[in-house]
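Observations on the three-dimensional arrangement
Each chain, written out:
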Amino acid sequence: MRAVIQRVTEASVTVAGQVVGAIGPGLLILLGVNQTDTRDDVALLAEKIAHLRIFSDEEGKFNLSLLDTGGAALVVSQFTLYADTRKGRRPSFTAAARPEIAAPLVDAFTTALRTYGIPVATGVFGAMMQVALVNDGPVTIVMDSAELRLPRRVK
């Protein structure tokens, strides 16, 4: 699973002119699912994001997590995070999971975040969506469950 995590003061997602999900302060999470992802990837990524210390404390240091701040998450599925642009001009999305695999894993991810007590809003899987956000900082982090399993580099 691949996530683009943006710290926001507010974010919303609109489908066919209707706002279907909105949050105040918290995280906008654009979530892509790979063909090989499983519920283990869901658990790993949800735990890491819930505890990720990217909110500032009173000294301005990144010491607080979404759990510490009481913020919310807006999760928007985005298969284009698995775009392969190595050849030609049109991206290939063959690494992205098919909808029948991806949709249940996106749902499982939102459920996993909720088990930590995080309020979660969502987009609509497979729909054309307009995402609006006010990036706070800006703080934007890319996280991939496959990379989280790799050993840390030693100098």
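Along each chain, the written sequence defines residue order, and numbers are assigned to residues from 1. Where totals are concerned, whole chains, interfaces and linings use all residues; where local detail is concerned, this predicted model gives features only for residues with pLDDT of at least 70, and gives and counts side-chain atom pairs only at 80 or more. Only hydrogens and water are set aside when side-chain values are computed; all heavy atoms of the structure are taken into account.

Note the cut-off: UniProt positions are given in the numbering used here, feature names are shortened, and annotations may be inferred rather than shown by experiment.
Going by the annotation in an unreviewed UniProt entry, the name recorded for the protein chain is D-aminoacyl-tRNA deacylase, with Chloroflexus aggregans given as the source organism. Under the UniProt heading Subcellular location (unreviewed entry), the entry covering the protein chain gives this text: "Cytoplasm".

1. A short note on unusual backbone geometry
For clarity, the cut-off: Helix and strand labels come from DSSP, where a helix needs a run of H or I of at least four residues and a strand needs a run of E of at least two; each type is numbered from the N terminus. Classification of residues uses two cut-offs on accessible area relative to the type maximum, computed with a 1.4 Å probe and protein chains only: under 20% is buried, over 50% is exposed, and between them is partly exposed.
Here Gly-137 and Pro-138 are connected by a cis peptide whose omega angle stands at -5°. Here Pro-138 is to be found in strand S8 (residues 130-144). Phi at Ala-16 takes a positive value of approximately 50°, unusual for a residue other than glycine. Tracing the chain through its elements places Ala-16 in the loop between strand S1 (2-15) and strand S2 (18-23). Residue Ala-16 is classed as exposed on the basis of its relative accessible area of 75%.

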